[in-house]
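Survey of secondary and tertiary structure
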Amino acid sequence: MAKLIYVTNVSLDGYIEDERGAFDWFPIGDEVFAFHTDLLRSVGTFLYGRRLYEAMAVWETNAALAAQSDLMADFASAWQAASKVVYSTTLAAVSTADTRLERRFDPAAVHELKATASSDLTVGGANLATQAFKAGLVDECQLIILPIVVGGGKPGLPTGIRADLELLDERRFRNGVVHLRYRPLTVNDSPVRSPALA
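To keep things clear, this report deals only with the structure shown in the data block. Just so you know, these numbers come straight off a predicted model, no measurement behind them.

**Here's the deal with the overall build of the chain**
- A tally of regular secondary structure across the chain gives seven helices and ten strands.
- Since a compact globule built from 198 residues should have a radius of gyration of about 16 Å, the 16 Å found for the chain is in line with a globular shape.
- Within the chain, the proportion of its 198 residues that are buried is 41%.
- Looking at the chain alone, contacts between residues at least 24 apart form 74% of all its contacts between residues at least 6 apart.
- Here the chain displays about 10,000 Å² of accessible surface, and carbon together with sulfur accounts for 51% of that area.

In structure tokens, the structure reads:
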């Protein structure tokens, strides 16, 4: 069975967006960018919430990005090669190839997707990841931690649940970024309701 991996960039204090809704705090550098590309290349399907999908779709819809450098062209190629599933109740249509729009997150359907996939899947977007964690579908959690404290915003990890994790691997980059790879051991749900999809 393929793994479902939650991958996110996060500040040192645990946020994927600051209080303005931005994540433009720090240039990640070529070494980290190439690492992201290698990670994308190993994945066959991306599961996205609406906001993250719209942010990432430019890697297919804006050819000028790939034209900027070989690194960016490699990233665009890796992103375009994977299938995408976008979960949203408000998005009218998708703008990229090999992309399916779903109106609700169905844990049984994702479990079936894992069972039939030939390569791993990633889940992106904090709200969507929370639902995947609560359903016990996340097999790995990979955090790319940037060396900055932003003081508040949107948490990168689920709130309202407790998850015990086992550290599988770590990597330090020259610019201070750290990659941590964990395997969830248990997830204990709380009465907190799952966030709605956008």
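**Brief notes about the pattern of salt bridges**
- Taken as a whole, this structure holds 14 salt bridges when the rule is applied.
- Glu31 is the salt-bridge partner of Arg171, the closest N and O atoms lying 3.7 Å from each other. With Arg171 in strand E9 (residues 161–172) and Glu31 in helix H1 (residues 29–41), this residue pair connects regions lying 140 residues apart in the sequence.
- Connected through salt bridges with shared partners, the residues Lys3, Glu140 and Arg181 form a single ionic network.

**Things to note about helix H5 (residues 70–81)**
- For H5, with twelve residues, the first-to-last C-alpha span of 16 Å sits near the 16 Å given by 1.5 Å per residue.
- In this fold, the buried residues of H5 make contact with H1, strand E3 (43–49), helix H2 (50–56), helix H3 (58–61), helix H4 (63–66) and strand E4 (83–87).

**A look at the nonpolar core**
- Counting residues in hydrophobic clusters, the biggest one holds 26 residues, and the most contacted among them are Leu4, Tyr6, Leu47, Tyr87, Phe105 and Val110.
- Broken down by secondary-structure element, the contributors of at least two residues to this core are strand E1 (4–11), E4, helix H6 (107–116), strand E6 (120–124), helix H7 (126–134), strand E7 (140–146) and strand E10 (178–189).
- Top element by residues in this core is H7. It accounts for five residues.
- Of all hydrophobic cores here, the second largest spans 18 residues; its members include Phe46, Tyr53, Met56 and Val86.

**With respect to the packing of aromatic side chains**
- Inspection of every chain in the model, using the stated rule, returns ten aromatic pairs.
- With centroids separated by 6.4 Å and ring planes inclined at 45°, the aromatic side chains of Tyr48 and Tyr53 adopt a geometry described as tilted.
- Residue Tyr48 is classed as buried on the basis of its relative accessible area, which comes to 5%.
- With a centroid separation of 6.5 Å and an interplanar angle of 20°, the aromatic rings of Tyr48 and Trp79 are classed as stacked. Highlighted residues: Tyr48 in strand E3 and Trp79 in helix H5, separated in sequence by 31 residues.

Calculation rules
- Residues numbered from 1 in each chain as written.
- Predicted model: local features only at pLDDT ≥ 70, side-chain atom pairs only at ≥ 80, totals over all residues.
- Heavy atoms only, no water.
- Helix = DSSP H or I, 4+ residues; strand = E, 2+ residues; numbered from the N terminus.
- Rg over C-alpha atoms; globule rule 2.2 N^0.38 Å.
- Buried < 20%, exposed > 50% of the residue type's maximum accessible area, 1.4 Å probe, protein only.
- Contact = heavy atoms within 4.5 Å.
- Areas by Shrake-Rupley, 256 points an atom, 1.4 Å probe, with all protein chains shown as cover.
- Salt bridge = Lys/Arg side-chain N within 4 Å of Asp/Glu carboxyl O.
- Expected span 1.5 Å × (residues − 1).
- Core = buried A, V, L, I, M, F, W, Y, C linked by side-chain atoms within 4.5 Å.
- Phe/Tyr/Trp six-rings, centres within 6.5 Å; stacked < 30°, edge-to-face > 60°.

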